[in-house]
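# Observations on the model geometry
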Amino acid sequence: MKKRGTIQKKLILVVTLALVLAMGLTACGKKSSDGDSKSTARTLQEIKDSKEVVIGVFSDKKPFGYVDENGTYQGYDVYFGNRIAEDLGVTVKYVPVEAASRVEYLRSAKVDIILANFTVNEERAKQVDFALPYMKVALGIVSPDSALITDPEQLNGKTLIVSKGTTAETYFSENYPDIKLLKFDQYSEAYNALLDGRGDALSTDNTEVLAWALENAGYSVGVDALGNQDTIAAAVQKGNTELLNWIDDEIRSLADENFFHKAYEETLAPVYGDAADPDSLVVEGGQVE
């Protein structure tokens, strides 16, 4: 009996170890080709079957993605996200992301789609799949009117505030090594640092610094277009082709109703007023003119 009890204990131990190993593999997801852990994204059909699409957006980047006083997500990106959910026939769950976490949220399948003012560039395109663009963008610099920065060279030896994981961080790191970069995870933290005088200027997308300057007296955009003209696009996990194709088809079909110009009028025009031309920012049908 003692021998049989020992055997049973060993069998229980083996089964337990097997279950733990299986759970570990499930939690970590499959290994990608570069050796990193990656969870498998949901397919288009799985999203439809679940009756919910999960979209990563900013919660503090007004007027593109933010949470209003009622706790509701609003903004240009959210306007598009709501339409995606409607046309998929599902509800939408918004998940707040930071600039530096956008790629990881797709790789780990925490979200199905990223709609967080995501600028398309070559490095990011190696890690995620971008859909057709829906907006044009460049970098801008906002600073106090009392010491307005009108040329990046004026920032040599001074402090520029940027958000981590943004094109601004990359651009200034590569092109202006004499500028000190003060980096933050969240956009709200970055703007508070500018208001507090912890930096001489702040750089991010020109569309955003313009919106912020219009709502904050005493600050202006002295540099309104820096670097290349880029585009903003939705992104999905690398290889999630079915979902990517659906988004591309959606963007093409929405051109028939001038959807993104309507999104501009609803979400951006109240902020920009006459300070911006919608045709210089909006992309319809994924076609950049």
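Preceding this paragraph is the structure being described.
Being a predicted model, the structure only gives us computed values, none of them experimental.

## A look at helix α3 (residues 76-88)
- With 13 residues, α3 extends 19 Å from end C-alpha to end C-alpha; this agrees with the ideal 18 Å at 1.5 Å per step.
- Residues of α3 that are buried include every one of Tyr76, Asp77, Val78, Phe80, Gly81, Arg83, Ile84, Ala85 and Leu88, and no others.
- Once α3 ends, the next one or two residues include Gly89, with phi positive near 75°.

## Concerning the packing of helix α7 (residues 187-195) against helix α8 (residues 206-215)
- Contact geometry for α7 and α8: axes closest at 13 Å, N-to-C directions at 50°. Here α7 is positioned oblique relative to α8, judged by the angle of their axes. Taken as a pair, α7 and α8 cross one another with a handedness that is right-handed. Packed against α7, whose contacting residues are Tyr187, Tyr191, Leu194 and Leu195, the element α8 presents Glu208, Val209 and Trp212 at the interface.
- Taken together, the residues of the contact of α7 with α8 break down into six nonpolar, no polar and one charged.

## Observations concerning the sheet that holds strand β6 (residues 73-74)
- Taken in spatial order, the three strands make up an open sheet running β4-β5-β6, and their pairing is antiparallel. Among the strands making up the open sheet, the edge pair consists of β4 (60-61) and β6.
- In this structure, strand β5 (residues 65-67) lies alongside β6, joined through two bridges in antiparallel fashion. Opposite Val67, over in β6, you have Tyr73 as the bridge partner.

## A look at the environment of Val120
- Relative to the assigned elements, Val120 resides in the loop between β8 (113-114) and α5 (122-125).
- When the C-alpha atoms of Val120 and Thr167 are compared, they prove to be 9.3 Å apart, with 47 residues separating the residues in sequence.
- Beyond its immediate stretch of four places on either side in the chain, Val120 contacts Phe130, Asp230, Thr231 and Ala233.

## Points about empty space enclosed by the protein
- For the coordinates displayed, the defined rule picks out one cavity of 30 Å³ or more.
- Here the largest cavity is characterised by a volume of approximately 60 Å³.
- Looking at the largest cavity, the residues that line it are Lys61, Arg102, Asn117, Thr119, Arg124, Leu139, Thr166, Thr167, Ala168, Tyr187, Thr204 and Asp205.
- Of all the secondary structure elements, the ones that give two or more residues to the lining of the largest cavity are α6 (167-175) and β12 (201-205).

Conventions adopted
- Residues numbered from 1 in each chain as written.
- Predicted model: local features only at pLDDT ≥ 70, side-chain atom pairs only at ≥ 80, totals over all residues.
- Heavy atoms only, no water.
- Helix = DSSP H or I, 4+ residues; strand = E, 2+ residues; numbered from the N terminus.
- Expected span 1.5 Å × (residues − 1).
- Buried < 20%, exposed > 50% of the residue type's maximum accessible area, 1.4 Å probe, protein only.
- Axes fitted to C-alpha atoms, helices over the stretch in contact; angles between N-to-C directions.
- Parallel < 35°, antiparallel > 145°, perpendicular 65-115°, else oblique.
- Left-handed = near helix turned anticlockwise from the far one by under 90°.
- Contact = heavy atoms within 4.5 Å.
- Nonpolar A, V, L, I, M, F, W, Y, C, P; charged D, E, K, R; others polar.
- Pairing = 2+ DSSP bridges.
- 1 Å grid on protein atoms, 1.4 Å probe; cavity = no way out; pocket = protein on both sides within 12 Å on 5 of 7 lines; lining within 4 Å.
- Points joined across faces, edges and corners; volume = space filled by probe spheres on them.

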